[in-house]
Amino acid sequence: MTVRDWIRKTTDSLTSGLELEREEARQEARIILEEVCGWSWADQLRLANCELDAYALMELDKILDRRLKHEPFTAIFDSAYFYGRKFRLQAATLAPRPETELLVEWALEILDQANRSLISPLRLAELCAGSGAPGLSLLAELKQQAKPAKLLLLDLSAQALDAAKANAEELGLAEDCRFEEADLFPRQAEEFDIILVNPPYIPTADLDQLMPEVKDYDPRLALDGGTDGLDFYRRLAAGIRPYLATGAALLMEHGAGQRQAICEIFKTASEESNPYISYRDDYAGWDRLIAVSYPV
């Protein structure tokens, strides 16, 4: 079987088996070839008429069988690309989504605008860090801009922190990182210039209705946001203020339709200070991000 024949056969299987659009199925077929054989998409075009050997076909079909059972590539390959970098994943880490990259973009904008008034090195934190993809991406981007920064990665799961540590090492960022196993907030009082968090925000009753690729492979701990999906935002609103430096911002991802409720949670959480709240949609037009800062 040639490379072209295998792509055609696999595209057919994924289109019917997973009910994908044909172009999406073809892209998935090419991803499998790239991961198993190490061929870029340009290589695949160049080698389209080459015969695949028996061993390659066996390995390719193993991956295809797993994908047809709704296992996501992030679980099959234990990795995901985020903000142009490859991150290692494991069972305790949520696979990062493309829309979460907006957290990094917005944080970079905020830091660029406020850089003159912030302490150097910049003090960054990611809560509910998991693999550390957003926090480490932000740190890496700042490093490329020659802006000194230190990052705290915090998670309740020791296994998730192991993945974050491995990613920091692989990206050459470990010397600028600290890792803390804790429940949402740092154990000791300290202030940060930017805090990123993508907390669990799926209502408990909705978990079993999620796509198989999510409900069967992403850790429930990283998905379950309580009865209405807002438990973690209530905790953040009640406890985040001491960790934000003057002029600092808390940037949060949230689910569609949750924006107004989260804004109200933060507005009513403190009688002493009225937070400044801004928000952004994702590229699909869904409400997705909220930034909170507090007056001096």
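See the structure shown above.
Owing to the predicted nature of the structure, the values given are computational and were not obtained by experimental measurement.

Rules of the game
- Residues numbered from 1 in each chain as written.
- Predicted model: local features only at pLDDT ≥ 70, side-chain atom pairs only at ≥ 80, totals over all residues.
- Heavy atoms only, no water.
- Axes fitted to C-alpha atoms, helices over the stretch in contact; angles between N-to-C directions.
- Helix = DSSP H or I, 4+ residues; strand = E, 2+ residues; numbered from the N terminus.
- Parallel < 35°, antiparallel > 145°, perpendicular 65-115°, else oblique.
- Left-handed = near helix turned anticlockwise from the far one by under 90°.
- Contact = heavy atoms within 4.5 Å.
- Nonpolar A, V, L, I, M, F, W, Y, C, P; charged D, E, K, R; others polar.
- Phe/Tyr/Trp six-rings, centres within 6.5 Å; stacked < 30°, edge-to-face > 60°.
- Buried < 20%, exposed > 50% of the residue type's maximum accessible area, 1.4 Å probe, protein only.
- Pairing = 2+ DSSP bridges.
- Salt bridge = Lys/Arg side-chain N within 4 Å of Asp/Glu carboxyl O.
- Core = buried A, V, L, I, M, F, W, Y, C linked by side-chain atoms within 4.5 Å.

Draft legend 1. Geometry of the packing of helix α10 (residues 231-239) against helix α11 (residues 259-269). Packing of α10 against α11 leaves a shortest axis separation of 9 Å and a crossing angle of 30°. The pairing of α10 with α11 is recorded here as roughly parallel in orientation. For the pair α10 and α11, the crossing hand works out as right-handed. Touching Tyr 233, Arg 234, Leu 236, Ala 237 and Ala 238 of α10 are Ile 262, Ile 265, Phe 266 and Ala 269, all from α11. Looking at side-chain class alone, the contact of α10 with α11 contains eight nonpolar, no polar and one charged residues.

Draft legend 2. Representation of the packing of aromatic side chains in the model. What the rule picks out here adds up to three aromatic pairs. Between Phe 73 and Phe 77, the ring centres sit 5.6 Å apart and the planes meet at 20°, which makes this aromatic pair stacked. By the burial criterion, Phe 73 is buried, and Phe 77 matches it. Considering the side-chain rings of Phe 82 and Phe 87, the 6.3 Å spacing of their centres and the 80° angle between planes classify their relative orientation as edge-to-face.

Draft legend 3. Structural view of the sheet that holds strand β6 (residues 192-197). With respect to topology, seven strands assemble into an open sheet ordered β5-β4-β3-β6-β7-β9-β8, the strand pairing being mixed. Of all the strands in the sheet, just β5 (177-181) and β8 (276-281) have a single pairing partner and so form its edges. Here the strands of the sheet are splayed against their neighbours by 15° on average, with no regard to which way each runs. Relative to strand β7 (residues 244-253), β6 runs parallel, the two being bridged by five bridges. Residue Phe 192 lies in a different strand from β7, and its bridge partner there is Leu 244. Across the sheet, helix α8 (residues 158-170) touches β4 (149-155) and β5, and the angle it forms with β5 is around 170°.

Draft legend 4. Examining the pattern of salt bridges more closely. For the structure on display, the rule yields 24 salt bridges. The salt bridge partner of Glu 59 is Lys 62, with a shortest N-O separation of 3.4 Å. Placement of the pair is Glu 59 and Lys 62 together in helix α4 (residues 54-68), with a separation of three residues, close to one helical turn. Glu 59 sits in the partly exposed class, given a relative accessible area of 22%. The salt bridge partner of Asp 218 is Arg 97, with a shortest N-O separation of 2.6 Å. Within this pair, whereas Asp 218 is found in the loop between α9 (212-215) and α10, its partner Arg 97 is found in the loop between β2 (85-88) and α6 (101-114), the two being separated by 121 residues in sequence. Within the structure, one salt-bridge network assembled from shared partners comprises Glu 28, Arg 67 and Glu 213.

Draft legend 5. Broad picture of the nonpolar core. In terms of nonpolar packing, the biggest core is built from 35 residues, with Ile 195, Leu 236, Ile 240, Leu 250, Met 252 and Phe 266 touching the most fellow members. Looking at this core, the elements with two or more residues in it are β3 (122-127), β4, β6, α10, β7, α11 and β9 (287-293). The contact partners of Met 252, leaving out residues within four places of it in the chain, are Leu 103, Val 197, Tyr 233, Leu 236, Phe 266, Arg 288, Leu 289, Ile 290 and Val 292. Core analysis: the next-biggest nonpolar cluster, separate from the first, contains 33 residues, Val 104, Ala 164, Ala 168 and Leu 173 among them.

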